[in-house]
Amino acid sequence: MNKKELIDQLEALGMRPGRGLGQNFLLDSNLLDWIVRNCGASAGERVLEVGPGFGALTEKLISANFNVTAIEYDHRLADFQRKKFGSAPNFKLIEADACKVDYSELFPPKTSYRSVANLPYAISSVFIAKLLDSPNPPQSMFFMLQKEMGERLAAVPGTKAYGALSVRTQLLYDVAVEKIVPPQVFCPPPEVDSALVSFKLRQEKLLPDGLEKSFTFIVRELFNQRRKQIGKLIGKITGKEAAAKILDECGFAADLRPDKLTVADFVTLTQKINEYKGLDNE
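Since the model is a prediction, treat every value here as computed from it, not as a measurement.

Participant: I'd like a rundown of the environment of Gln225, residues and numbers included.
Facilitator: Following the sequence through the fold, Gln225 ends up in the loop between α9 (212-223) and α10 (230-238). Given a relative accessible area of 27%, Gln225 falls into the partly exposed group. Along the sequence, Gln225 and Pro258 sit 33 residues apart, while their C-alpha atoms lie 8.3 Å from each other. Excluding anything up to four places from it in sequence, Gln225 contacts Leu233, Lys236 and Pro258. Side-chain polar atoms of Gln225 contact the side chain of Lys228, separated by 2.9 Å.

Written out as structure tokens, the structure is:
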């Protein structure tokens, strides 16, 4: 689909791209082909696409013989996709809010799948967080995101972009910014650069089972006051005396800031705090 065809379709449906929905349609055919080649999926694998829009990427995913499950929120676009792809045996459409779908029901435990999408920018952080919390997260993800969001997810300790979502994402995935994408390949063009970001599920789990909620709580608590020293922040969770013992056993200085801690450091902290505090993981 070229720009003229997109504009014609928009006019036919009586719609204008919704800024609130983050609707920026990707039209560059060469870039779409590059995404399919580099997304990590193979023919026959299940692929989750969110925000398929007019189906430029969807069509490429279907042609690559992936088993595509697409989730579309806009009912006008959902109707368009039913008409265009409804007869394809490897295409399934769910008309819903992607941030409210039960992915454990859609992809039950031990069901392998990947996610590839030009994500609506308005939902990217909420949607990614939802997949991170799923008991069966994707084997890999390959997303078009705002550049700032991509850099945040791939950020390393000690940088301004490094935060709670960086840590939570990197607990499960190796994250890399693969390509910076200019606004001109979209219609309408966004006001910022975008990035294609890859997420590869770690082969070995860093966090013992049962500590997921404690880990998320601790990471969020520390980054909510990222300018403060971790000794004081941990003291608020465990008490001052226990915090001193925890830091000593972990080998961390009390005056460290949260953004200096690695993902592995947060895992160690979670284990030690849980031993002293017995945080609720239910």
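That was the structure; now back to the text.
Participant: Can you lay out the sheet that holds strand β7 (residues 173-181) for me, pointing to particular residues and giving the numbers?
Facilitator: Spatially, β4-β3-β2-β5-β6-β9-β7 is the arrangement adopted by the seven strands of the open sheet, whose pairing is mixed. Of all the strands in the sheet, the pair left with one neighbour each is β4 (91-95) and β7. Neighbouring strand axes in the sheet, compared pairwise and without regard to direction, differ in orientation by 20° on average. Taken together, the four bridges between strand β5 (residues 114-118) and strand β6 (residues 140-146) define a ladder with parallel strand orientation. Bridging from a neighbouring strand, Val116 pairs with Phe142 of β6. Relative to the sheet, helix α4 (residues 75-85) contacts β3 (67-72) and β4, its axis offset from that of β4 by approximately 165°.

Participant: Could you give me a rundown of the side chain of Thr111, with the residues and numbers involved?
Facilitator: Residue placement: Thr111 occurs in the loop between α5 (103-106) and β5. Of the residues examined, Thr111 reaches a relative accessible area of 17% and is grouped as buried.

Participant: With reference to specific residues and values, describe the pattern of salt bridges.
Facilitator: The final tally for this structure, using the stated rule, is 14 salt bridges. Note that Glu45 and Arg114 form a salt bridge whose closest N and O atoms lie 3.0 Å from each other. Here the residue Glu45 occupies a position in the loop between α2 (29-38) and β2 (46-50), and Arg114 occupies one in strand β5, the gap between them amounting to 69 residues. For Arg114, a relative accessible area of 18% corresponds to the buried category. The partner of Lys84 in a salt bridge is Glu59, with the nearest N and O atoms 3.7 Å apart. Taken as a pair, Lys84 in helix α4 and Glu59 in helix α3 (residues 56-63) lie far apart in primary sequence, 25 residues in all.

Participant: How would you explain α2 if you had to name every residue and give the values?
Facilitator: The complete set of buried residues in α2 reads Leu31, Leu32, Trp34, Ile35 and Val36. Along its buried surface, α2 packs onto β1 (25-26), α3, β5, β6, β7 and β9 (194-201). One side-chain oxygen of the residue at the start of α2 lies 3.0 Å from the amide nitrogen of Asn30, identifying that residue as Asp28. Phi turns positive, to about 95°, at Gly40, one or two residues after α2.

Cut-offs applied
- For every chain, the first residue of the written sequence is number 1, and numbering continues from 1 onward in sequence order.
- At least 70 in pLDDT is required for a residue's local features to be given in this predicted model, at least 80 for side-chain atom pairs to be given and counted, and no such filter applies to totals for whole chains, interfaces and linings, which use all residues.
- The side-chain numbers reported here are obtained from all heavy atoms of the structure, hydrogens and water having been left aside.
- Here a helix means four or more residues in a row that DSSP labels H or I, a strand means two or more in a row labelled E, and each is numbered from the N terminus.
- Working definition: with a 1.4 Å probe on protein chains only, accessible area under 20% of the residue-type maximum means buried, over 50% means exposed, and in between means partly exposed.
- Every residue pair with non-hydrogen atoms within 4.5 Å of one another is taken to be in contact.
- Here a polar contact is recorded for every N or O atom pair within 3.5 Å, except that within protein the pair must consist of a potential hydrogen donor and a potential acceptor, and residues adjacent in sequence are included only if both atoms are side-chain atoms.
- Two strands qualify as a pair provided DSSP detects at least 2 bridges between them.
- Helix axes are fitted only over the stretch in contact, all axes being lines through C-alpha atoms; the angle between N-to-C directions runs from 0 to 180 degrees.
- Just to be clear on terms, a salt bridge is a Lys or Arg side-chain nitrogen sitting within 4 Å of an Asp or Glu carboxyl oxygen.

In short, the description is geometric, and any link to function would need to be established separately.
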